[in-house]
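A look at the structure
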Amino acid sequence: MIINAKKDFDKWQKLINFFKNINLFDIYYDYNFNLLHLSENNDLIAFYHKRGKSQFFFPFIICKIDFLDGYYDIETINGYSGPLSNDYSDKFLKECWSNFYKEIKNLNVICGLIRFHPFLKNHLINKENNFISTQNVKKTLFINYNEDYKLNYSKNINRNLIKSSKYKLEIIKENNESNFKTFYEIYNESMNRKDADKRFFFKKDYFTNLLKKLNDNVTLILAKKDTICVGGIIGIRSKNFSHVHLSAFKEVGLKYGAPYLLRYELIEHFSNISNLIHFGGGNTNAKDDSLFLFKKNFTNKVLDFFIGKILIDKDKYELVIEKWINTYPKKKIIYNTLFMKYKY
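Residues numbered from 1 in each chain as written. Predicted model: local features only at pLDDT ≥ 70, side-chain atom pairs only at ≥ 80, totals over all residues. Heavy atoms only, no water.

Side note on the nonpolar core
Here is the rule: Put simply, a nonpolar core is a bunch of buried Ala, Val, Leu, Ile, Met, Phe, Trp, Tyr and Cys residues held in one set by side-chain atoms that sit within 4.5 Å of each other. Only protein chains enter the calculation, and the probe is 1.4 Å; a residue is then buried if its accessible area is under 20% of its type maximum, exposed if over 50%, and partly exposed in between. Note on contacts: a residue pair is in contact if any heavy atoms of the two residues lie within 4.5 Å.
Judged by nonpolar contacts, the single largest core of 68 residues is most densely connected at Trp12, Phe33, Phe183, Phe207, Leu210 and Tyr342. Apart from residues no more than four positions distant in its own chain, Leu210 is found in contact with Phe33, Leu36, Phe180, Asn215, Val218, Ile234 and His245.

What follows is the structure, encoded as structure tokens:
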């Protein structure tokens, strides 16, 4: 069956609590966090199936496709989520995926994208169907707090912590609307400086709503030099997992060692709260990716990050791609590797 998060809120929360109680949960499944990723053209729904004690729950965002009236795509939110099940048996999953296919086909969905959760390893649920292809896209880094994780710190960390001390950077760890607005300004400036793609930008109210909706499950740390904030980092968490969500720095902040100081502070902040902290991966899967190498200064522990490409109607999908290329021929080169490239 299909469940609408807003219309069937009680049922949604009941399912979330069921999986939370068996430790199959993270902040990316949180109702309020998911709502932050909605816009006027999409909605938050889920597919649910039950057989006896076996349960399957798959939340995602359904969105209208601009190039084909009356048709939709589905996508998990940015981050790490995907389907959850307490039964990985072939028989049950075959039944689930068969019903899932029928339900979303009835909704005129032609394709979709799953960003699986590397710690829950729910990419293993993707079996017994022929319409979702799993792809290992890159490595992702994390720290296990149950180990002596500082043994893996590189010399760069200590060098930059000394530098930040020399420049007398002040750490501000206070969740309030003013600080989140300050982070938004730094983040926006940083993305513009890097000429980042539009998919990496967020509206101002996204940051203030992080504070309002996630409460104690979000942490913002800013670095200040005299009266100027030179960088910031946002962490989000659930019971077992913490994640570096976003970080941004002014150019002068890089000179002061702010990226190392802020990540170090966030790691320490979550060390008594979570079992691990997840950094994510690089911007690409290249071994010399600069973001990946920076994160590797803090840990050598890696996991594979998988995505799932859902293809329900190949002909209509190819028609959408064709219309998109004809409309934006220059974008074909930039976004050619993306499955749902027509969204950009």
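Comments concerning the layout of surface pockets
Filter applied, for reference: Here a cavity denotes a set of grid points, spaced 1 Å apart and computed over the protein atoms alone, in which a 1.4 Å probe fits but from which it cannot get out, and a pocket denotes an open set meeting protein on both sides within 12 Å along at least five of seven lines; residues with an atom within 4 Å of a point are reported as lining. Grid points are joined across faces, edges and corners, and a volume is the space filled by probe spheres set on the points. Working definition: helices are DSSP H or I runs of at least four residues, strands are E runs of at least two. Numbering for both runs from the N terminus. Following the grouping adopted for this structure description, the nonpolar residues are Ala, Val, Leu, Ile, Met, Phe, Trp, Tyr, Cys and Pro, the charged ones are Asp, Glu, Lys and Arg, and the polar ones are all others, Gly among them.
Considered as a void within the structure, the second largest pocket measures approximately 180 Å³ in volume. As for the second largest pocket, its lining consists of 13 residues, and the residues nearest its centre are Lys139, Asn285, Ala286, Lys287 and Phe292. With four residues, strand β7 (residues 132-144) is the largest single contributor of residues to the lining of the second largest pocket. Its residues assigned to classes, the lining of the second largest pocket comprises four nonpolar, four polar and five charged.

Description of the pairing of strand β6 (residues 109-115)
Our working definition: For two strands to be treated as a pair, DSSP must find no fewer than two bridges joining them.
Within β6, seven of the seven residues are buried, which leaves the element mostly enclosed by the surrounding structure. Bridge count for strand β4 (residues 72-75) against β6 is four bridges, and the pairing is parallel. Paired with Glu75 across the bridge in β6 is Leu113.

So, unusual backbone geometry
Leaving glycine aside, a negative phi is the common case for residues, and trans is the common case for peptide bonds. The backbone of Lys168 shows a phi angle near 55°, a positive value even though the residue is not glycine. Position of Lys168 relative to the elements: it lies in the loop between α4 (155-166) and β8 (170-172). Even without being a glycine, Asp226 presents a positive backbone phi close to 60°. On the secondary structure map, Asp226 appears in the loop between β9 (218-225) and β10 (228-237). Relative accessible area serves as the criterion here: at 60%, Asp226 is assigned to the exposed category.

Some remarks on the environment of Lys166
Here Lys166 is to be found in helix α4. Accessibility expressed as a relative area gives 63% for Lys166, which makes it exposed. As a C-alpha pair, Lys166 and Gly257 span 91 residues in sequence and 9.8 Å in three-dimensional space.

None of this, on its own, says anything about what the molecule does.
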